[in-house]
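As a plain string of letters, each chain reads:
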Amino acid sequence: MTDLVEIDNLNIRFTGDRTVHAVNDLSLRLGEGEVLGLLGESGSGKSVTLRALMRLLPRKRTQIAGSVKVLGQDVLAMDDEALSAFRGQTVSMIFQEPALALDPVYTIGRQIAETVIRHEGKSEREAMARALEMLEVVRIPSAKRRLESYPHEMSGGMRQRAMIALALACKPKILLADEPTTALDATVQIQILLLLRELQREFGMSVIFVTHDIGVAIEICDRVAVMYAGQIVEQGTLRGIVRAPVHPYAKGLLASTIHGAKRGARLETIPGTPPSLDHAPASCSFAPRCSVAQPGCAEKLPPNVQIAPDHAARCVLAESASTAIT
Amino acid sequence: MSDTALQAAPTTKARGYWATVARRITRDKVSMVCALILILIFASALLAPWLHLADPYQGSMIRRLRHIGTPNYPLGTDELGRDMLARLIYGGRLSLIIGILPVIFAFVVGTSLGLIAGYVGGKLNTAIMRTVDVFYAFPSVLLAIAISGALGAGIVNSIVSLTIVFVPQITRVAESVTTGVRNMDFVEAARASGAGPFTIMRVHMLGNVLGPIFVYATGLISVSMILAAGLSFLGLGTKPPEPEWGLMLNTLRTAIYVNPWVAALPGAMIFAVSICFNLLSDGMRSAMDIRN
């Protein structure tokens, strides 16, 4: 399997009144036709990682170090023209709040056609035909009529479908989904997830799916990377991580889901709050909240341990786990 | 297939944005009355030479300051015995031009400046907005008088000075609306789909920003007319014997005790046009707010 996305030692700093170390030494791979879940709480750097992949972060206030390669191309070295072609055609993105991510003054058809015209130089009529085709692909009922609808005339689920149609209009290789189901209610959520999964197979896309909901990740992902304080603390196959999480944070995250929790029993929570990201971590970021922290944890960075062929964790505990396996 | 039949059946085509706005505004009685009055005034000003009116320049010493309703002079005569009806209608030509042209010019310049300042941000924003603030610091009447005075009396000069007065106001509105729109998700979504800064400005910014600025500018037309009338009143705008409402108000003020109704007529015209533009812009504001 070839890797479409290769991120190595990515570091992102936001400078300004206060420096924020949003992403710290992050390495990530995305294979062809694979759905990778980026899991973590708010502020853990999931969305920042996605935006770095498309170079959407504000240029002046962001320092990016490391390497980001998509289809072998160095994204960080692209000029504006290359970026314009790259965005939307190679990689495209769907957003959390479809009501805000669609332009309120243009019809859905118009917005999809605009992108198609820009990237593929099609005529107005061909672009509109593509827009209609896309609306049918995402199963919007009476697509022809919806082509002429404004975003405010559609329901939340319909808008998210339209957003997906817009993102897929130019048949991208990679789709980045930034919590696309968070703003939807539970019944619509599952429909959208199923649709995404189906479209991913149909188009043969790779997807990076950002979410904080482990239930959603289980539904759609092949592989999962758990993020904490701008680092990936554990990554591996969905099976591997859900069945046998190694990192205490990943364990805590899995335990704190309401799926399968006993009625009446208190939900498991992780005590404490995430650390401030004012400084680059010099030791394990999770150590202050960790129930099994060892004296060494607060002193040096934990090693990134390969536990199984496709399962790695950044924790001292992983060392004993890996020796246990081998 | 029954499925396609179902899809083809509902042919109630969804309306475009402007069509919806138009439909909503035609339902608003106040706006419609105002629009009607404005259309009447515009049409009569435009068609003045074909309306068989008396010569607006031809005075007569013996029939000065006739009352409203005098035979042959339905709206009386002014201090030089010229027919008021003709002068009011011909006066509308100049007054409307000086009222509307500066707003159109300022709309174009101000929107561009505000859009660039708001979208680019940073130092350029500071440069544009602080320069604009310098002009904004003066009361608009004072600024108009100062610029007109410096440039000299005349119609072109008063249009220039009024444009300069309105550019800062429109720029500020355009900038604040643009900054609001710039941080919306759909702008990022547009960037994520590969749109360059010019496409974003042209398509997404302008589309979202134009409505509110347009409404604001319509409201400015009345201000422009009043300021233009003020300039003429002070002798900085139109020169006699040219009929213009502000100037007429000025020359007729000496007759206010002799024939107050006739003296007040040009003022009434200014008032009518201003209030109609104001109410119309209010109506448009609510008609454009489709999202609610």
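Rules of the game
- Sequence order sets the numbering: in each chain, residues are counted from 1 along the sequence as written.
- The order in which chains are written sets their letters, starting at A; the order in which ligands are written sets their numbers, starting at 1.
- Since the coordinates come from a predicted model, pLDDT governs what is reported: local features require at least 70, and pairs of side-chain atoms require 80 or more to be given and counted, while whole-chain, interface and lining totals use all residues.
- Helical segments are the DSSP runs of H or I of at least four residues, strand segments are the runs of E of at least two, and each set is numbered from the N terminus.
- Counting other C-beta atoms within 10 Å of a residue's own tells you its class, since 20 or more makes it buried, 12 or fewer makes it exposed, and anything in between is partly exposed; those C-beta atoms are placed from the backbone.
- Working definition of a contact: two residues with C-beta atoms, positioned from the backbone, lying within 7 Å.
- The predictor's confidence in any single residue is recorded as pLDDT, a number from 0 to 100.
- Residue polarity follows a fixed list, in which Ala, Val, Leu, Ile, Met, Phe, Trp, Tyr, Cys and Pro are nonpolar, Asp, Glu, Lys and Arg are charged, and the others, Gly among them, are polar.
- Strands were regarded as paired on the criterion that DSSP finds at least two bridges between them.
- Here an angle of 0 to 180 degrees is reported between the N-to-C directions of two axes, which are lines fitted to C-alpha atoms, with helices fitted over the stretch in contact.
- These descriptions rest on fixed angle ranges, namely under 35 degrees for roughly parallel, over 145 for roughly antiparallel, 65 to 115 for roughly perpendicular, and the rest for oblique.

A few words on the overall build of chain B. Along the backbone of chain B there are 11 helices and 0 strands. Taken from N to C terminus, the helices and strands of chain B fall in the order α-α-α-α-α-α-α-α-α-α-α. Considering only C-alpha atoms, chain B reaches an extent of 85 × 55 × 25 Å along its principal axes. For chain B, the residues scored as buried account for 42% of the 292 residues in total. Counting only contacts in chain B whose residues sit at least 6 apart along the sequence, the fraction spanning at least 24 positions is 71%.

Let us look at the confidence of the model for chain B. Residues and elements named next belong to chain B. For chain B, the average pLDDT comes to 83, and 93% of its residues sit at 70 or higher. For residues 1-14, every residue scores under 50 in pLDDT, and the model assigns this stretch 8 contacts once sequence neighbours within four places are set aside. This prediction of the complex comes with two scores: 0.77 for pTM and 0.80 for ipTM.

Turning next to the interface of chain A and chain B. The partner chain B presents 22 residues to the 29 residues of chain A that form the contact. Looking at the side of chain A that touches chain B, the elements that each hand over two or more residues are α2 (80-89), β6 (91-94), α3 (98-101), α4 (108-120) and α6 (143-146) of chain A. Ranked by residue count, the leading element in the side of chain A that touches chain B is α2(A), at 6 residues. Looking at the side of chain A that touches chain B residue by residue, the class counts come to 11 nonpolar, 9 polar and 9 charged.

All names here are of chain A. Two strands pair when backbone bridges link them, and strand β1 (residues 3-14) and strand β2 (residues 20-31) are joined in this way by 8 bridges, in the antiparallel orientation. Each bridged residue has a counterpart across the sheet, and for Phe14 the counterpart in β2 is Val20. The hairpin formed by β1 and β2 contains 5 residues between the paired strands, and Gly16 there has a positive phi angle of roughly 150°. For β1 and strand β4 (residues 62-70), the ladder comprises 8 bridges, and the chain directions are antiparallel. When the bridges of β4 are listed, Asp8 appears paired with Ser67.

Here the focus is the sheet that holds β6(A). Residue and element names in this part refer to chain A. Spatial strand order, β6-β7-β8-β3-β9-β10-β12-β11: 8 strands in an open sheet with mixed pairing. Edge positions in the sheet fall to β6 and β11 (304-308), since each of these pairs with one other strand and no more. On average, each strand axis in the sheet is inclined to that of its neighbour by 20°, with strand direction left out of account. Sheet topology places strand β7 (residues 174-178) next to strand β8 (residues 206-211); 5 bridges connect them, and they run parallel. Along β8, the bridge assignment pairs Leu176 with Ile208. Of the strands in this sheet, β3 (35-39), β9 (223-228) and β10 (231-237) touch helix α11 (residues 248-255), which is tilted by about 105° from β9.

Bringing the sheet that holds β1(A) into the picture now. Pairing between the strands of a sheet is mediated by backbone hydrogen bonds and can be parallel or antiparallel. Residues and elements named next belong to chain A. Pairing within the open sheet is antiparallel, and its 4 strands lie in the order β2-β1-β4-β5. Each having just a single partner strand, β2 and β5 (73-74) make up the two edges of the open sheet. Sheet strands in contact with helix α1 (residues 46-53) are β1, β2 and β4, and its direction is about 65° off that of β2.

This paragraph deals with the environment of Ala150(B). Secondary-structure assignment places Ala150(B) in helix α6 (residues 140-151). Measuring from C-alpha to C-alpha, the distance between Ala150(B) and Ser161(B) comes to 9.5 Å, with 11 residues separating the pair along the chain.

All names here are of chain B. Relative orientation of the contacting elements helix α9 (residues 197-233) and helix α11 (residues 260-288) amounts to 175°, with a least axis distance of 9 Å. For the element pair α9 / α11, the angle class is roughly antiparallel. Here Gly211, Val215, Thr218, Gly219, Ile221, Ser222, Met225, Ile226 and Ala229 of α9 come into contact with α11, specifically with Ile270, Val273, Ser274, Phe277, Asn278, Leu280, Ser281, Met284, Arg285 and Met288. When its residues are assigned to classes, the contact of α9 with α11 shows 11 nonpolar, 7 polar and 1 charged.

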